[in-house]
Amino acid sequence: MSLYRDEGVVLRTMRLGEADRIVTLLTRGHGKVRAVAKGVRKTTSKFGGRLEPLSHVALLCWKGRELDIVNQAEVTEAFRTVREDLSRVAKAFTVLEVADQLAQERHPAPRLYEMVLGALRALAADDSAMLVAGFLLKALALEGSAPMVDACASCGAEGDLVAFDLLQGGALCRDCRRGRPVSPAALEMVRRVLGGGLAGVLVEPASAVTEEVAALAGGAMEAHLDRRLRSLHSSPVG
Ligand SMILES: [Zn+2]
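Residues numbered from 1 in each chain as written. Predicted model: local features only at pLDDT ≥ 70, side-chain atom pairs only at ≥ 80, totals over all residues. Heavy atoms only, no water.

**Q** Just to check I follow, could you spell out the side chain of Asp165 for this structure?
**A** As for its position among the elements, Asp165 is in strand 6 (residues 161–165). Asp165 sits in the buried class, given a relative accessible area of 10%. A polar side-chain atom of Asp165 sits 3.3 Å from the main-chain amide nitrogen of Leu167. In contact with Asp165, not counting residues within four places along its chain, are Gly170, Leu172, Arg178 and Gly179. (Helix = DSSP H or I, 4+ residues; strand = E, 2+ residues; numbered from the N terminus. Buried < 20%, exposed > 50% of the residue type's maximum accessible area, 1.4 Å probe, protein only. Polar contact = N/O pair within 3.5 Å; in protein donor to acceptor, adjacent residues only side chain to side chain. Contact = heavy atoms within 4.5 Å.)

Here it is in structure tokens:
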């Protein structure tokens, strides 16, 4: 077996036997990795609480056939301000759940990795109402599945877009309208996120518009993944 170094964010963990855990990480260099942390559930574990979801860790792992084995783990960022705040934790878990769904095992996805780390850092700094929606829209764009919001997704007409339909792939004009109605302000906010203006959008206070964009982005990601996001529906803060 060969040893490798990488860094990663812990996405989730699962019990394995009496004392071990399988840790799923999104790493910078190896994509999604599942690794066994031996003895992690013993009080004397050398890993302590390091391999908990959310932690950004530096790793030394043995490469295995299916599962790797964690040899060393050091916490680089614990994201304590996120952990200690229920609202932020809920948002962070949506980011982790989506990353888990999008990333493939041992298939490097450095841009997704940077986006996840960036989202967690932004969340540590500020509990932004647009954090999750911003992440979801940027992740969809990375996948080549961003909703069309500059022109009617059905006929291509520009201007006067009044509805949003996921099956059509985005915003729709008055003639083609179906799906849910959408406000011009929400479409403008989606355009800002997709057009490189995420930083400016993240400081927007919570409003009916941010809620509209959050619902739209969540629906678009669920349609893309073809499954419901558990973390998006289990929290009172959305
Ligand atoms: Zn149209």
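**Q** How should I be thinking about the domain arrangement of the protein in this particular structure?
**A** Where interface size is given, it is often the accessible area lost as the parts come together that is meant. By domain assignment, the protein separates into domain 1 (3–80) and domain 2 (128–233). Taking only C-alpha atoms, the centre of domain 1 and the centre of domain 2 are 35 Å apart. (Domains from an automatic or database assignment.)

**Q** Is there a simple way to explain the pairing of strand 6 in this structure?
**A** Of all 5 residues in strand 6, 5 are buried, a share of seventy percent or more. As paired elements, strand 6 and strand 7 (residues 170–173) share 4 bridges and run antiparallel to each other. From the neighbouring strand, Asp165 faces strand 7, where its bridge partner is Gly170. Joining the antiparallel neighbours strand 6 and strand 7 is a turn of 4 residues, in which Gly169 adopts a positive phi near 95°. (Pairing = 2+ DSSP bridges.)

**Q** Looking at this structure, how should I read the sheet that holds strand 7?
**A** Working definition: the strands of a sheet are paired by backbone hydrogen bonds and lie parallel or antiparallel to each other. The sheet built from 3 strands is open, its strands ordered 7-6-8 with antiparallel pairing. Each edge of the sheet is formed by a strand with only one pairing partner; in this case those strands are strand 7 and strand 8 (180–181).

**Q** Hey, could you run me through the sheet that holds strand 5 (residues 68–77) in this one?
**A** An order of 1-2-3-5-4 is seen for the 5 strands of this closed barrel, with the pairing classed as mixed. Taken over all neighbouring pairs, the strand axes of this sheet differ in orientation by 50° on average, direction set aside. Lying over the sheet, helix 2 (residues 86–102) contacts strand 1 (3–16), strand 2 (20–27) and strand 3 (31–37), oriented at roughly 110° with respect to strand 1. (Axes fitted to C-alpha atoms, helices over the stretch in contact; angles between N-to-C directions.)

**Q** Which parts of the structure should I look at to understand the packing of aromatic side chains?
**A** The way to describe two aromatic rings as a pair is by their centre distance and the angle between their planes. Under the definition given, this model contains 0 aromatic pairs. We note Lys63 situated over the ring of Tyr4; from NZ or CZ to the ring centre the distance is 5.4 Å. (Phe/Tyr/Trp six-rings, centres within 6.5 Å; stacked < 30°, edge-to-face > 60°. Lys NZ or Arg CZ within 6 Å of the ring centre and 35° of its normal.)

**Q** What should I look at first to understand the packing of helix 2 against helix 4 (residues 131–142) in this one?
**A** Between two packed helices, both the angle of their axes relative to each other and the distance between the axes serve to describe the pair. The interhelical angle for the contact between helix 2 and helix 4, taken along N-to-C directions, is 15°, at an axis separation of 9 Å. Judged on the interaxial angle alone, helix 4 and helix 2 are roughly parallel. The handedness of the crossing between helix 2 and helix 4 comes out as right-handed. Here Lys91, Thr94, Val95, Val98 and Leu102 of helix 2 lie close against helix 4, whose contacting residues are Leu131, Val132, Phe135, Leu136 and Ala139. For the contact of helix 2 with helix 4, a count of residues per class yields 8 nonpolar, 1 polar and 1 charged. (Parallel < 35°, antiparallel > 145°, perpendicular 65-115°, else oblique. Left-handed = near helix turned anticlockwise from the far one by under 90°. Nonpolar A, V, L, I, M, F, W, Y, C, P; charged D, E, K, R; others polar.)

**Q** Help me out: how do you make sense of the coordination of the zinc ion in this one?
**A** Put simply, a metal with four donors set out as a tetrahedron has ideal angles of 109.5 degrees, and one with six donors set out as an octahedron has ideal angles of 90 or 180 degrees. Protein coordination at the zinc ion comes from Cys152 (SG), Cys155 (SG), Cys173 (SG) and Cys176 (SG), with a distance range of 2.2 to 2.4 Å. Metal-centred angles of 101 to 117° between the 4 donor atoms at the zinc ion mark the site as tetrahedral. Mapped onto the sequence, the donors of the zinc ion take the spacing C-x2-C-x17-C-x2-C. Residue classification places Cys152 among the buried positions, given a relative accessible area of 1%. Residue class for Cys155 comes out partly exposed when judged on its relative accessible area of 46%. (Donors = N, O, S within 2.8 Å, 3.2 Å for Na, K, Ca; no water. Tetrahedral: all angles 85-135°; square planar, octahedral: opposite > 155°, others 65-115°.)

**Q** Even after reading the chapter, I still don't get the nonpolar core, so can you show me in this structure?
**A** A general tendency of soluble globular proteins is for nonpolar side chains to be buried together. Within the largest apolar cluster, 56 residues are counted, with the highest numbers of intra-cluster contacts made by Leu26, Val116, Leu120, Met130, Val213 and Met221. For this core, the element with the most residues is helix 4, which contributes 8 residues. Shared between two domains, this core holds at least three residues of each, these being domain 1 (3–80) and domain 2 (128–233). Sequence-distant contacts of Val116, defined by excluding residues within four places in its chain, comprise Val9, Leu26, Val95, Leu96, Ala99 and Phe135. Counting residues in hydrophobic clusters, the runner-up holds 15 residues, among them Val23, Ala37, Val40 and Val70. (Core = buried A, V, L, I, M, F, W, Y, C linked by side-chain atoms within 4.5 Å.)

**Q** Where do I start with the pattern of salt bridges in this structure?
**A** A side chain with one charge can pair with a side chain of the opposite charge if their charged atoms come near. Applying the stated criterion across every chain yields a total of 17 salt bridges. Among the salt bridges present, the one from Arg28 reaches Glu114, with a minimum N-O distance of 2.4 Å. One end of the pair, Arg28, is in the loop between strand 2 and strand 3; the other, Glu114, is in helix 3 (residues 110–125), and 86 residues separate them in sequence. For Arg28, a relative accessible area of 33% translates into the label partly exposed. (Salt bridge = Lys/Arg side-chain N within 4 Å of Asp/Glu carboxyl O.)

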